[in-house]
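# Inside the fold
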Amino acid sequence: MEHFLELLRQSRNDLLAFLRWTLISLMIGGVVGGVGILFHYSTELAADWRESCPWLLWLLPLGGVGIAGLYRLCGMEKDRGADFVLTAVRRGERLPVKTAPLVFAGTVITHLLGGSSGREGAALQIGGSLSAQLGRWMRMDDKDARIITMCGMSAAFSALFGTPLTAAVFSMEVVSVGVMYYSALVPCMLSSLTGAWLAGQLSIAPTRFSLAGVPELAPLPALQTIGLAVLCALLSILFCVVMHLFRVLYQRYIKNAFLIALTGGALVVLLTLLTGTRDYNGAGMPVIARALAGEARPEAFALKMLFTALTLGAGFKGGEIIPVFFCGATFGNVMGGLLGLNPSFGAGLGLTALFCGVTNCPLTSLLLGVELFGANGFLYIALAVAVSYCLSGYGSLYSEQRIIYSKLRPEFIDKQAE
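Within the element layout of this structure, Thr207 appears in the loop between α8 (185-201) and α9 (219-253). By relative accessible area, Thr207 is classed as buried at 14%. A distance of 3.3 Å separates the side chain of Thr207 from the backbone oxygen of Phe161, its partner in a polar contact. Excluding anything up to four places from it in sequence, Thr207 contacts Phe161, Met285, Glu371 and Leu372.

Attention now moves to the nonpolar core. Formed by 121 residues in total, the largest nonpolar core has its most connected members in Phe170, Ile288, Phe325 and Leu351. For this core, the leading source of residues is α9, giving eleven residues.

Sheet topology places strand β1 (residues 176-177) next to strand β2 (residues 402-405); two bridges connect them, and they run parallel. Across the sheet, Ser176 pairs through a bridge with Arg402, a residue of β2. The loop that links β2 with its antiparallel partner strand β3 (residues 412-416) comprises six residues.

It is worth spelling out empty space enclosed by the protein at this point. Applying the stated rule across the entire model yields one cavity of 30 Å³ or more. Contributing to the lining of the largest cavity are Ala82, Leu86, Leu124, Met153, Phe170, Val174 and Tyr398.

The next point concerns unusual backbone geometry. Here Arg139, not a glycine, exhibits a phi torsion of approximately 55 degrees, which is positive. Assignment of secondary structure puts Arg139 in the loop between α5 (120-137) and α6 (142-161). For Arg139, a relative accessible area of 77% corresponds to the exposed category. Positive phi values are uncommon outside glycine, yet Asn360 reaches one of about 60 degrees. Looking at where Asn360 falls in the secondary structure, it is placed in the loop between α14 (343-359) and α15 (362-373).

Conventions and cut-offs
Residues numbered from 1 in each chain as written. Predicted model: local features only at pLDDT ≥ 70, side-chain atom pairs only at ≥ 80, totals over all residues. Heavy atoms only, no water. Helix = DSSP H or I, 4+ residues; strand = E, 2+ residues; numbered from the N terminus. Buried < 20%, exposed > 50% of the residue type's maximum accessible area, 1.4 Å probe, protein only. Polar contact = N/O pair within 3.5 Å; in protein donor to acceptor, adjacent residues only side chain to side chain. Contact = heavy atoms within 4.5 Å. Core = buried A, V, L, I, M, F, W, Y, C linked by side-chain atoms within 4.5 Å. Pairing = 2+ DSSP bridges. 1 Å grid on protein atoms, 1.4 Å probe; cavity = no way out; pocket = protein on both sides within 12 Å on 5 of 7 lines; lining within 4 Å. Points joined across faces, edges and corners; volume = space filled by probe spheres on them.

Take a look at the structure:
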């Protein structure tokens, strides 16, 4: 009888906790999702202005100086970007609310003036910092504060990109690879779905693509998929090395943050003039769409990698995720075609495999494939993701990411990403 009463008390406590987190998650989804929608419209408007006023590119170096000035004025010169959000979740570090308006403004300036960056990394910072502040106002303890931070990450990512499953799982998986915070599953899903629903109500269409030439399950296309995934794993290592290398080079040879921003902006302008195209400025979603439709230039992935490293290494804001999609889709299009796959299908495989390689998040990558492309070709996408995860080493876009278990054997390693 006593055991039965204890079970009833535990069920009551679980139900109360569920109801509490349901209310909190819906609130976070509404508030942070709303800010994410505003961020979406702001970056879209910035991109439209950049395309209609090509001369704005010449202001990119000054824009970088302005971003550096904003961060110095607010005492955030040592900002660690998305890494700061990961440490806030894993170690409970305080994530200042001023991160949100700073990265918001910095990303809009970067996109307006032609820097090469994404938006999702910025969305993680915006969502994480806003929700962390809400948690402090609600006087949450350390453990609940970590969950609410992940809720904000999920809501902002989902509202911006329209992939609620990917957004929810990514927030839980990216912090410590191999150990997920399952206690955050319901809160993150509710926040993510709320953000996505709100975006849909305001006519923001979710990001979706169709893949052509998906083969039936057979040995030859499976081998071709494995071959492409191996190449994507190697590219993911190179991508992470290049992103980290340019940050180090800037800081080694130019000590002043304003001069770094000025130099980086000037180099992007110069490279744009040399290539003779604006394809590599901004996020590059039109190029991604063309690659997934079957059309890509062979050098596109390398140039986008270089543009992005020059931009983000110099202190411009945004993030690397959309550039990863760009590089993965264009690389997969070209290399998949050479391996005998349909270029459109190769682009889809490349996008998901490279994303997995640079983030070390296989479950998120699988869900990303389903939400972007549907279930058609899912088994091949799963194979590509598995191979890329296995062979991509322990590098990461996020230096604060922890790898808990070895990728090659059931062994506890608990090491920081390289």
